[in-house]
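Residues per chain are reported as follows:
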Amino acid sequence: MTASSADDNRRAQAHLYGEPLGDLIKRCSSVLSLTQVRVADLLGISAPMLSQLMNARRVKIGNPAAVKRLQLMYAAASRVAAGEQSLDDAVRQLEAARTSEAVVTHHTEADPAAVRAVFRAAASPQEFAAAAEQLRASHPAIAKLLQTFGVNDG
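Residues numbered from 1 in each chain as written. Predicted model: local features only at pLDDT ≥ 70, side-chain atom pairs only at ≥ 80, totals over all residues. Heavy atoms only, no water.

### Some points on helix H3 (residues 36-43)
Those residues of H3 that fall on the buried side of the exposure criterion are Val39, Ala40, Leu42 and Leu43. Buried residues of H3 fall within an arc of 165° about the axis and therefore sit on the same side. Against the buried residues of H3 lie helix H2 (21-31), helix H4 (47-54), helix H5 (64-81) and helix H6 (87-99). (Buried < 20%, exposed > 50% of the residue type's maximum accessible area, 1.4 Å probe, protein only. Helix = DSSP H or I, 4+ residues; strand = E, 2+ residues; numbered from the N terminus. Arc of directions from axis to C-beta. Contact = heavy atoms within 4.5 Å.)

### Points about the nonpolar core
The biggest cluster of nonpolar side chains holds 25 residues, and the ones touching the most others in it are Leu32, Leu50 and Met73. Among the elements of the structure, H2, H3, H4, H5 and H6 are those that each provide at least two residues to this core. The element best represented in this core is H5, accounting for seven residues. Those residues in contact with leucine 50 that sit more than four places away from it in its chain are Ile25, Gln36, Val39, Ala40, Leu43 and Ile45. With five residues, the next largest nonpolar core counts Ala123, Phe128, Ala132 and Ala143 among its residues. (Core = buried A, V, L, I, M, F, W, Y, C linked by side-chain atoms within 4.5 Å.)

### Quick look at the pattern of salt bridges
In the structure shown here, the tally under the stated rule is seven salt bridges. Two residues, glutamate 95 and arginine 38, come together in a salt bridge whose shortest N-O distance is 2.3 Å. One end of the pair, glutamate 95, is in helix H6; the other, arginine 38, is in helix H3, with 57 residues separating them in the sequence. Owing to a relative accessible area of 33%, glutamate 95 belongs among the partly exposed residues under this scheme. Residue aspartate 89 is joined to arginine 92 by a salt bridge in which the shortest nitrogen-to-oxygen separation is 2.5 Å. Of this pair, aspartate 89 and arginine 92 both sit in helix H6, three residues apart, which is roughly one turn of that helix. In the salt-bridge network here, residues are joined through shared partners; they are Arg38, Asp41 and Glu95. (Salt bridge = Lys/Arg side-chain N within 4 Å of Asp/Glu carboxyl O.)

### Some words on helix H1 (residues 3-17)
Taking 1.5 Å of rise per residue, 15 residues should cover 21 Å, and H1 covers 20 Å from first to last C-alpha, within 8% of that figure. When we look at burial in H1, the residues that qualify are Ala6, Asn9 and Gln13. Down the axis of H1, the buried set is contained in an arc of 60°. They therefore lie on one face. Opposite its buried face, H1 presents the exposed residues Arg11 and His15, each directed more than 90 degrees away. In this structure, the buried residues of H1 make contact with H2 and H4. Trailing H1 by a residue or two, glycine 18 shows a phi angle of about 95°, which is positive. (Expected span 1.5 Å × (residues − 1).)

### Some remarks on the confidence of the model for the protein chain
Averaged over all residues, the pLDDT of the protein chain equals 88, while 92% of them reach at least 70. Of all secondary-structure elements in the protein chain, the lowest mean pLDDT belongs to helix H7 (residues 112-122), at 75, while H2 reaches the highest, 97. Confidence drops under pLDDT 50 across residues 102-108; counting only partners more than four residues distant or on other chains, this segment forms four contacts. (pLDDT = per-residue confidence, 0-100.)

Here you go:
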């Protein structure tokens, strides 16, 4: 790779992430006292991939969940640097985010029959009807879901 292509990649990273990833990750790892291997682990990417990103041999992180974790890491490093959060708490939060698979990357339409099957496996239509009735006044949208998928047949 030529120096000019690395410079082009750094500019592209700055456009995507606000600054070149090498600078961003070095600052985060320094503030959070993390090795590059640990940063890669917390982001959910391989150490060689992290190296390629930091050295601008690659422009972007392909995994949206890893991008979200990088955003969380940046925010944690900012809080630690500002004295708003302890280092240990910040690292614990990043570890929790790494083990969590609750990162939503896009919306998909669910099959109503499949949703209905999940509801029906949890309780009987009579139980859903009773729960919907109890929630109707205070949480009408939830009551409607319970009625639609737990009680109605389609």
